[in-house]
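Commentary on secondary and tertiary structure
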Amino acid sequence: MYKPALALLFLLLTACVRTPWAEWTEGPTESNGSALHTLVLHNAPEGARVWFQELFDGKTSVEGPAMHHYQGTSWYIDIPTNEASGRTRKSIPMVTLEYYGRPLPRQRWAPEAFMLQQRGKPDLPMETTYHFLELPPEAAVSEKDTCPYEVQAADIIPQIKRIHYGAEECPYQGCQGRASHWDPQPVETHPQGWYRITIDPKGNPTVEADDEDGAFYAQVTLKKLSQTPSADDPTQTAPNTMTLEDWPDYPYRGFMLDVARDFRTVEEVLEIIDLMASWKMNTLHFHLADDESWCLEIKELPELTEFGGRHALPDWNLQETQALKPTINGRIGNNTFYTAEEYQRILQYAWERHITVIPEFDTPGHSRASIKAMQAYERRTGDTSFRLQDPADTSHYWSAQDFTDNVLSVDLSSVYHFYGVVFDEVIRLHREANVPISTIHIGGDEVPSGAWSGKDRHQMKELFINGMLDLAEQHCIRLAGWEDIARGLDPATEARLKRSLHFINVWNTEGIEGFPVVLSPAAFTYLDLAYSADPREIGLHWAGYVDERKTFELQPNDYLGDLLGVEAALWSSQLRSFDDVTYQMLPKALGIAERSWNAATDPPSKETMDTAFKRFYSIIVKREMPVWKKKGYVYKKHLSLSQTTNPSP
């Protein structure tokens with residue numbers, strides 16, 4: 001007979017429990033160049049700790065408890081306890097913090113991923129309400145402005161080098177076919193990937209190719225030709241007769257995908273590979289390890305993924321004992337790695353589409369995930385043979401991504417023992433998948449000033465490069481890296497690196513004489529940079545803004561040296577979903593696909609570039625966007641062709 005009374009009591013008690021939540025208000029820019037932002041924590045329990053993620057900036061508190069920085073993008077706030085009362089209240093209705101920080105360049109940069117941490121209780125996400133400054137309405141751009149060129153039947157991306165419409169035979173010299181785009185110069189020797197398609201009056205295609213790549217690219221072209229040029233005019237079809245001849249200008253046409261900052265599932269990676277294949281890209285540079293995550297299972301070292309591939313809040317002593325701190329997206333309890341079998345599935349799927357996968361494990365900076373994982377391995381086993389950071393190291397530094405503990409102690413032999421095991425496993429996975437591997441990318445960029453304190457920095461770099469070259473030679477593979485690894489070396493080390501090097505990714509080729517290079521200038525190829533300064537856009541802007549016109553305007557032949565090709569890079573620190581991935585890729589990645597297949601040979605005038613871009617963008621609107629829409633991809637739909645390339649901030 002007490003059940004109704006107990007039920008009523010339970011309802012009354014639960015009604016008194018108030019859910020903690022956060023409220024953040026953007027402040028306007030003041031005369032001193034900063035902005036006064038307000039954070040209100042509602043119903044936060046006394047003695048709790050609130051975590052959130054935000055790109056680092058100096059904060060000057062005006063009111064409320066202090067905000068403390070903890071490695072990378074993580075911050076925490078300790079909620080005070082009312083000790084004078086001699087008791088602990090259940091919650092504080094409002095804790096208000098006012099602080100000066102940078103003006104918010106983009107709404108996506110606001111503090112996010114608020115988490116409540118209490119002793120002896122599970123960590124809980126906090127709902128967050130945002131109050132942003134009012135923005136002007138977005139400018140409307142008409143379809144007429146975005147597609148002034150009449151798209152022809154054989155117009156696809158990347159554009160075909162030679163097109164002749166009509167049944168009559170077209171000589172190389174002086175061809176006058178309708179809407180012909182024939183290059184007046186004959187192709188005396190066919191480059192890798194060359195193909196020719198002849199479609200007879202009955203619509204039957206004949207394919208000529210000298211190699212498997214060319215035959216594959218011909219099939220990609222035929223598939224695109226079968227799609228109607230206009231989603232608004234489904235009756236418009238390709239003519240029955242035409243001759244096409246095409247080939248890539250560069251052997252390396254790459255896409256770098258960072259999964260360490262914001263992880264992508266296997267199925268999502270396969271969709272990216274399909275997009276690459278449709279643009280005739282042939283290399284997936286797979287960024288699998290960085291400060292934030294280690295994303296590939298290495299069976300001999302389970303902590304790499306059990307610790308370095310998972311995320312949790314640090315404990316009350318600010319120690320990461322069970323998993324890494326969250327990345328900027330703030331997710332906890334999630335797996336951010338591929339099993340051996342999943343990685344092999346990606347390898348095989350890419351190989352079937354004539355795409356080579358080059359795995360990257362960033363070293364000797366950007367190595368926090370592996371360092372912390374091997375510390376966990378050592379705690380479990382007592383084995384120091386995989387130690388990556390000397391416990392006696394007293395270096396003080398601040399990395400580009402705001403870490404103070406992410407650099408390998410490259411004078412430890414255990415560092416090379418560790419990477420020897422990693423190389424062994426990666427090579428084994430490729431071999432068992434029947435997918436060859438010739439290259440492992442070792443990163444090598446952004447070692448912060450102050451690392452290796454008390455030791456000669458040049459000698460440490462020499463030691464590291466030679467140690468990794470030892471591994472490459474032992475495993476019969478080549479290395480790749482960012483341009484930092486090739487600068488400032490002793491002559492003997494430089495000569496040795498050149499013998500074992502596949503390529504280096506470069507922003508600028510000056511001072512990189514004699515090295516094979518892949519162009520990756522941030523101002524043209526970093527797809528994570530925002531389309532424009534509009535606060536509604538996502539992405540960074542430290543190297544300016546990048547849209548499809550900016551990528552299209554890259555002129556690879558302006559760069560000196562042994563140029564293998566061009567690579568688009570999608571860093572993921574600002575991505576939160578696959579919709580973000582496709583939005584930042586589409587359509588700006590097509591400019592890189594175009595330039596890696598068709599490199600301009602002469603410096604174009606502004607008028608020539610304007611005309612070429614209008615044609616290029618019209619093809620995207622009519623050929624590519626209907627396909628993206630059908631697949632449900634989120635993409636940037638309109639760009640005014642009258643606008644100039646976005647200036648740097």
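Data block above holds the structure.
A brief report on the enclosed structure follows.

Some remarks on the packing of aromatic side chains
Counted by the stated rule, this structure contains 30 aromatic pairs. Note on Trp 482 and Trp 571: the rings are 5.6 Å apart at their centroids and 40 degrees apart in plane angle, and the pair reads as tilted. Within this pair, whereas Trp 482 is found in strand S19 (residues 478-482), its partner Trp 571 is found in the loop between strand S22 (562-570) and helix H13 (578-585), the two being separated by 89 residues in sequence. Comparing Trp 482 with Trp 571 shows no difference in burial state: the two are buried. When the ring of Phe 578 is compared with that of Tyr 633, the centres are 6.2 Å apart and the planes differ by 75 degrees; the resulting orientation is edge-to-face. Within this pair, whereas Phe 578 is found in helix H13, its partner Tyr 633 is found in the segment after helix H15 (606-631), the two being separated by 55 residues in sequence. Feature note: the residues Phe 52, Phe 56, Trp 75, Phe 114 and Trp 398 constitute an aromatic cluster, connected by ring pairs. One cation-aromatic arrangement involves Lys 498 over Phe 515; the distance from NZ or CZ to the ring centre is 5.0 Å. Taking the ring centre of Phe 524 as reference, the NZ or CZ of Lys 550 above it sits at 5.1 Å.

Re the pattern of salt bridges
If you walk through the whole model with that rule in mind, you get 38 salt bridges. Across the pair Glu 553 and Arg 549 runs a salt bridge, and its minimum N-O distance is 2.7 Å. Each of Arg 162, Arg 196, Glu 208 and Glu 245 takes part in one network of salt bridges that share partners.

Description of the pairing of strand S11 (residues 162-165)
Across the two faces of S11 the burial is the same, with Arg 162 and His 164 and Ile 163 and Tyr 165 all buried. Sheet topology places S11 next to strand S14 (residues 242-246); 4 bridges connect them, and they run antiparallel. Counted as the bridge partner of Arg 162 is Glu 245 from S14.

Digging into the sheet that holds strand S1 (residues 21-25)
The sheet built from 5 strands is open, its strands ordered S4-S7-S2-S1-S10 with mixed pairing. Two strands close off the open sheet at either side, each with one partner strand: strand S4 (60-63) and strand S10 (127-131). Shown here is a sheet whose adjacent strand axes are inclined to one another by a mean of 25 degrees, direction ignored. Of the strand pairs in this sheet, S1 and S10 are connected by 5 bridges, and their pairing is parallel. When the bridges of S10 are listed, Thr 25 appears paired with His 131.

Focus: the sheet that holds strand S9 (residues 124-125)
Reading across from one edge, S5-S6-S3-S8-S9 is the order of the 5 strands in this open sheet, with antiparallel pairing throughout. Taken across any chain shown, the strands that pair with only one partner, and hence form the sheet edges, are strand S5 (68-70) and S9. Relative to strand S8 (residues 112-117), strand S3 (residues 49-53) is paired through 4 bridges, and the arrangement is antiparallel. Bridging across to S8, Trp 51 finds its partner in Met 115.

Quick look at unusual backbone geometry
The amide bond that connects Ile 157 to the next residue, Pro 158, takes the cis arrangement and shows omega of -5 degrees. By the secondary structure assignment, Pro 158 is in the loop between helix H2 (143-146) and S11. Here the bond from Thr 363 into Pro 364 is cis, since omega is -20 degrees, no more than 30 degrees from zero. Its location among the elements puts Pro 364 in the loop between strand S17 (356-363) and helix H7 (368-381). Even without being glycine, Leu 318 reaches a positive phi, approximately 60 degrees. Along the chain, the position of Leu 318 falls in the loop between helix H5 (303-306) and helix H6 (340-352). Judged by relative accessible area, Leu 318 falls into the partly exposed class, the value being 24%. At Asp 402, a residue that is not glycine, the phi angle is positive and equals roughly 75 degrees. Looking at the element boundaries, Asp 402 is found in the loop between H7 and helix H8 (413-432).

Here's the deal with helix H9 (residues 457-475)
The end-to-end C-alpha separation of H9 is 27 Å, in line with the 27 Å expected for 19 residues at 1.5 Å each. Elements that come into contact with the buried residues of H9 comprise S17, H8, strand S18 (439-443), S19 and helix H10 (491-500). Taking the backbone nitrogen of His 458 as reference, a side-chain oxygen 3.1 Å away marks Asp 456 as the first, capping residue of H9. Positive backbone phi, approximately 55 degrees, marks Cys 476, located one or two places after H9.

About the cut-offs
Residues numbered from 1 in each chain as written. Predicted model: local features only at pLDDT ≥ 70, side-chain atom pairs only at ≥ 80, totals over all residues. Heavy atoms only, no water. Phe/Tyr/Trp six-rings, centres within 6.5 Å; stacked < 30°, edge-to-face > 60°. Helix = DSSP H or I, 4+ residues; strand = E, 2+ residues; numbered from the N terminus. Buried < 20%, exposed > 50% of the residue type's maximum accessible area, 1.4 Å probe, protein only. Lys NZ or Arg CZ within 6 Å of the ring centre and 35° of its normal. Salt bridge = Lys/Arg side-chain N within 4 Å of Asp/Glu carboxyl O. Pairing = 2+ DSSP bridges. Axes fitted to C-alpha atoms, helices over the stretch in contact; angles between N-to-C directions. Expected span 1.5 Å × (residues − 1). Contact = heavy atoms within 4.5 Å. Polar contact = N/O pair within 3.5 Å; in protein donor to acceptor, adjacent residues only side chain to side chain.

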